[in-house]
Amino acid sequence: MGTLLARMRNSMGLGPRKSRRAARAAKLFLPVAWLMQQGPYERYVLRRMWGPDSIRLLESARRLHEQTLAQRAMNHLAGGPKGGSTPAA
């Protein structure tokens, strides 16, 4: 709840004290979240949750995403179609 806007936390019934605690907890969790996204830990969790092929699948998806973004940028610079997703070559 700490990642929500203060107005939203307030509308959900959190008082000022609990709202501040939730926001502080979210900020304190940021280093832990960063560590969880680092290579060795991420690979460990992926293997445990999705099996041995998960790492290869995720890396492939990331490469495809980067290629798609690069292709969109090139199309944008060249004045090509806007907003459409073009398949990577």
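Novice: Explain the confidence of the model for the chain to me, please; I cannot follow it from the model alone.
Specialist: Note that predicted coordinates carrying low pLDDT should not be read in detail. Across the chain, the average pLDDT comes to 87, with 89% of residues at or above 70. Mean pLDDT across the secondary structure elements of the chain bottoms out at helix H3 (residues 39-50), with 87, and peaks at helix H4 (residues 54-78), with 93.

Novice: Is there a simple way to think about H4 in this case?
Specialist: Every α-helix winds through 3.6 residues per turn, so residues three or four apart in the chain are directed the same way. When the terminal C-alpha atoms of H4 are compared, their 36 Å separation across 25 residues agrees well with the 36 Å that a helix rising 1.5 Å per residue should span. For H4, the complete set of buried residues consists of Ser 54, Ile 55, Thr 68 and Asn 75. Those residues of H4 that are buried lie in contact with H3. Two residues or fewer after H4 comes Gly 79, characterised by a positive phi angle close to 80 degrees.

How each quantity is defined
- Residues numbered from 1 in each chain as written.
- Predicted model: local features only at pLDDT ≥ 70, side-chain atom pairs only at ≥ 80, totals over all residues.
- Heavy atoms only, no water.
- pLDDT = per-residue confidence, 0-100.
- Helix = DSSP H or I, 4+ residues; strand = E, 2+ residues; numbered from the N terminus.
- Expected span 1.5 Å × (residues − 1).
- Buried < 20%, exposed > 50% of the residue type's maximum accessible area, 1.4 Å probe, protein only.
- Contact = heavy atoms within 4.5 Å.

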